[in-house]
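As a plain string of letters, each chain reads:
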Amino acid sequence: MRRAVCPGSFDPVTNGHLDIIGRASRLFDEVIVGVLINQSKTGLFSEDERIGLLREVVQGYENVRVLSFRGLLVDFCRAQEATVVVKGLRAVSDFDYELQMAQMNIGLAGVETLFMPTNPLYSFLSSSLVKEVAKWGGDVSPHVPDLVAARLRERFGPPPS
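None of the values given here were measured: they were computed from a predicted structure. Each chain carries its own residue numbering, running from 1 in the direction its sequence is written. At least 70 in pLDDT is required for a residue's local features to be given in this predicted model, at least 80 for side-chain atom pairs to be given and counted, and no such filter applies to totals for whole chains, interfaces and linings, which use all residues. The side-chain values count all of the structure's non-hydrogen atoms but skip hydrogen atoms and water molecules.

Novice: Talk me through helix α5 (residues 127–135); I want residue IDs and the actual numbers.
Specialist: The complete set of buried residues in α5 reads S127, V130 and A134. Down the axis of α5, the smallest arc covering the buried residues is 60 degrees, so these residues share one side. For helices the rule is a DSSP run of H or I covering at least 4 residues; for strands it is a run of E covering at least 2, with both sets numbered from the N terminus onward. Of the residues flanking the end of α5, it is G137, one or two places downstream, whose phi is positive at about 85 degrees. Classification of residues uses two cut-offs on accessible area relative to the type maximum, computed with a 1.4 Å probe and protein chains only: under 20% is buried, over 50% is exposed, and between them is partly exposed. The arc under discussion is defined with respect to the helix axis, by the directions toward the C-beta atoms.

What follows is the structure, given as structure tokens:
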């Protein structure tokens, strides 16, 4: 079985994330969306909320599972018997960092990394940018699933005046 992991914090999940997950689901028998839990960072959404949102928005993919993990990605990959990590690249600046991670992952555990260029529709999109726009009352609905847009509106309330 060809199994891959799509890791990230997904705080919140964006349409760019879903594009990479969907494309990976066509290449692999099973895709595990690995939600990184970094206890030194406080996210906008809790671990349970991020997992719940992801499970809801990927339910149309029969071969995609959502799990959380702490610690090293390669340890999570080993535990899931996944030999490939799939990462989306938005720009050259992403590549510099991701290449270092990919080289470390192959050196530590023989885990390969597949880089997918992001669909140009999402090349500027990041969870941080989505949160910032939503915080100030901007419309993020073209950039995130409807469920996520609704949760962001609930979280931030009406736009500041």
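Moving on, there is more to tell.
Novice: Now, about the pairing of strand β1 (residues 3–8): what can you tell me, with residues and values included?
Specialist: Of all the 6 residues making up β1, 6 are buried; the element is thus mostly covered by neighbouring parts of the structure. Looking at chain direction, β1 and strand β2 (residues 30–36) are connected through 6 bridges and run parallel. Note on β2: the bridge partner recorded for C6 is V33. A crossover links β1 with its parallel partner β2, the connecting element being helix α1 (residues 15–27), and its sense is right-handed. As defined by bridge partners, β1 adjoins strand β4 (residues 84–89) across 2 bridges and the pair is classed as parallel. From the neighbouring strand, A4 faces β4, where its bridge partner is V84. Here the rule is simple: two strands pair whenever DSSP picks up at least two bridges between them. When the strands point away from the viewer and the path from the first strand over the helix to the second turns clockwise, the crossover is right-handed.

Novice: I'd like a rundown of the pattern of salt bridges, residues and numbers included.
Specialist: For this document, the term salt bridge refers to a Lys or Arg side-chain nitrogen within 4 Å of an Asp or Glu carboxyl oxygen. One pass over the structure, following the stated rule, counts 11 salt bridges. Here R23 and D19 are joined by a salt bridge, their closest N and O atoms 2.9 Å apart. Taken together, the residues R23 and D19, both in helix α1 and 4 residues apart, mark about one turn of the helix. Linking E98 and K87 is a salt bridge whose minimum nitrogen-to-oxygen distance equals 3.4 Å. Taken together, the positions of E98 in helix α4 (residues 92–109) and K87 in strand β4 put the pair 11 residues apart, joining distant regions of the chain. Judged by its relative accessible area of 14%, E98 is buried. Taken together, the shared-partner salt bridges connect R3, E30, R65 and E81 into one network.

Novice: Which residues make up the nonpolar core, and what values go with them?
Specialist: Residues grouped as a nonpolar core are buried Ala, Val, Leu, Ile, Met, Phe, Trp, Tyr and Cys residues, joined through side-chain atoms within 4.5 Å. Judged by nonpolar contacts, the single largest core of 33 residues is most densely connected at I21, L54 and V86. Contributions of two or more residues to this core are made by β1, α1, β2, α2 (47–57), β3 (64–69), β4, α5 and α6 (146–156). When neighbours within four sequence positions are excluded, L54 is seen to be in contact with F10, V13, I21, V33, V35 and V66. Counting residues in hydrophobic clusters, the runner-up holds 10 residues, among them F69, V74, F76 and A82. Contacts are assigned to residue pairs with any non-hydrogen atoms lying within 4.5 Å of each other.

It is worth stressing that arrangement in space is one thing and function is another; only the former is reported here.
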